[in-house]
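Results of the structural survey
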Amino acid sequence: MARQFSSFYWLSARLRAVPTTAYVLFLLRWVVISTLIGGLAGTASAIFLVSLDWVTHWRETHLVLIALLPVAGFFIGLAYHLFGNQVVRGNNLILDEIHAPRQLIPLRLVPLVLGGTLLTHLFGGSAGREGTAVQMGGALADQLTRLLKLRPRDRRLLLIAGISAGFASVFGTPLAGAVFGLEVFLLGSMRYDALLPSFLAAVSADFVTRAWGVGHTHYPQLASLPITPLTILYALIAGVLFGLVARSFAALVHRISQLFGRIAYAPLRPVLGGVLVAASVWALGTTRYIGLGVPVIVEAFHLSLSPADFALKLLLTALTLGCGFKGGEVTPLFFIGATLGSALAGVVPLPVALLAGMGFVGVFAGAANTPIACTLMGLELFGVQAGVYLALACVVAYLFSGHTGIYSAQQIGQAKHLRFGRQQGSRLGDL
């Protein structure tokens, strides 16, 4: 009898140890892999951010460069036409590879998107930086698939971690970056098996970028505001507006892209677009609405700005990206949202800084369909005191942006409303 009990306890201990061992091995494996991803993505983002600061300063001190935007557009278009047909879809290519893995993302995506984005900013296009960092992070991470001989199911986790690393390192927001990678490819759902790789890669990439001595923009910390039925109502109204503007931006970018797609020879598309953008800047007589626009974003937290600010940035960014220039949408969306929120301070009785912060994350949440990541970004950038208002702005904007977004390869995992349940499983680009 004693031997039977001894055998039973030994077997029970072994059974309990098996899952623990599996978890430990999974942890150790992804600590190594995610650290590699973080090192690659963080270093790439550091190089990118330093270069971006340099070209922005050079442009602002040599404004004649804006007249050469069509020429830059031709070389960007030609480079992708000759060498980048497989990678021209950028972020959407990475999302498609997560949904249905087919082939390794070519490493040439990195120099193409990096060079294209720097040229876009140097010569006066209105674009962001998230797209570049995410594409570099995803492409660099994917190279480990062959090097480490990973299985297809591991490759999905690798790509998600690469997205998280790129986003976290370019904005200095590791929590938002980690959740962005989990949230962005499947609207209304997440892959929890990628939690650990995403968080490890995001934290390590952010650490590496900062270790290179590259800093990020500091925004004001929002003050606490008492929660009352009236302030909640104002926040809901603002969230609706943020969602509708996000929807308008995504629709306009796609529409402009379709119109320029009618030009048969692809390198000529950004040439025509460059002419229109450069002419617009000349007509406006200001560079306020090109590049990243970070100084205006910061200004929106202190002053109630004109509605023209968000409208002009929206139009110039949609034109820049829609015609084929490279860069991201997110920082322009920060600009659009912050200036829209700032303008609303004239009619909505909430503090201007709070409305700017709500718009900053809310419009992005609606356009990217990532409300949780955007809420976390708001907490990381602006503090936790106004967390309820930031979250409401993101959630309501997400709802009112509908089944549209800046990433056409996003699939609908969970419809935003039961009425549209039949659209589950569809790509946004197919709707």
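The structure contained in this document is the topic of the report that follows. Residue positions are counted from 1 within each chain, in the order its sequence is given. Where local features are concerned, this predicted model is filtered to residues with pLDDT of at least 70; where side-chain atom pairs are given and counted, the filter is 80 or more; whole-chain, interface and lining totals use all residues. Remark: hydrogens and water are excluded; side-chain values derive from all non-hydrogen atoms of the structure.

Before going further, it helps to spend a moment on the pattern of salt bridges. A side-chain nitrogen of Lys or Arg and a carboxyl oxygen of Asp or Glu constitute a salt bridge if their distance falls within 4 Å. Applying the stated criterion across every chain, the model contains 12 salt bridges. For Asp 193, the salt bridge is made with Arg 191, and the minimal N-O distance between the two is 2.5 Å. For Asp 193, a relative accessible area of 38% corresponds to the partly exposed category. If you follow the salt bridges from partner to partner, you end up with Arg 89, Asp 96, Arg 427 and Asp 430 in one network. For every residue, the accessible area obtained with a 1.4 Å probe (protein chains only) is divided by the maximum for its type, and the residue is called buried under 20%, exposed over 50%, and partly exposed between those limits.

What follows covers unusual backbone geometry. One non-glycine residue with positive phi stands out, namely Lys 149, at about 55°. Counting from the N terminus, the helices are DSSP H or I runs at least four residues long and the strands are E runs at least two residues long. Along the chain, Lys 149 turns up in the loop between helix 5 (130-147) and helix 6 (152-171). Since its relative accessible area comes to 73%, Lys 149 is described here as exposed. Not every positive phi belongs to a glycine, and Asn 369 is a case in point at roughly 60°. Its location among the elements puts Asn 369 in the loop between helix 14 (352-368) and helix 15 (371-382).

With that settled, the discussion passes to the packing of aromatic side chains. Two rings belonging to Phe, Tyr or Trp (six-membered ring only in the last case) form a pair when the distance between their centres is within 6.5 Å. Interplanar angles under 30 degrees mark stacking, angles over 60 mark edge-to-face geometry, and anything in between is tilted. Applying the stated criterion across every chain yields a total of 18 aromatic pairs. Residues Tyr 219 and Phe 360 carry aromatic rings whose centres are separated by 5.2 Å and whose planes lie at 70° to one another, so their mutual orientation is edge-to-face. With a gap of 141 residues between them, Tyr 219 in the loop between helix 8 (195-211) and helix 9 (229-260) and Phe 360 in helix 14 connect regions that are remote in the sequence. By the burial criterion, Tyr 219 is buried, and Phe 360 matches it. Of the aromatic side chains, those joined through ring pairs into one cluster are Phe 167, Phe 171, Phe 180, Tyr 219, Phe 301, Phe 334, Phe 360, Phe 364, Phe 382 and Tyr 407. Any Lys NZ or Arg CZ found within 6 Å of a ring centre and within 35 degrees of that ring's normal is scored as a charge over the ring. Over the ring of Tyr 80 we find Lys 326; its NZ or CZ atom is 4.3 Å from the centre of that ring. Lys 416 extends its terminal NZ or CZ atom over the ring of Tyr 398, reaching a point 4.2 Å from the ring centre.

Spatial relationships are all this shows, so hold off on functional conclusions.
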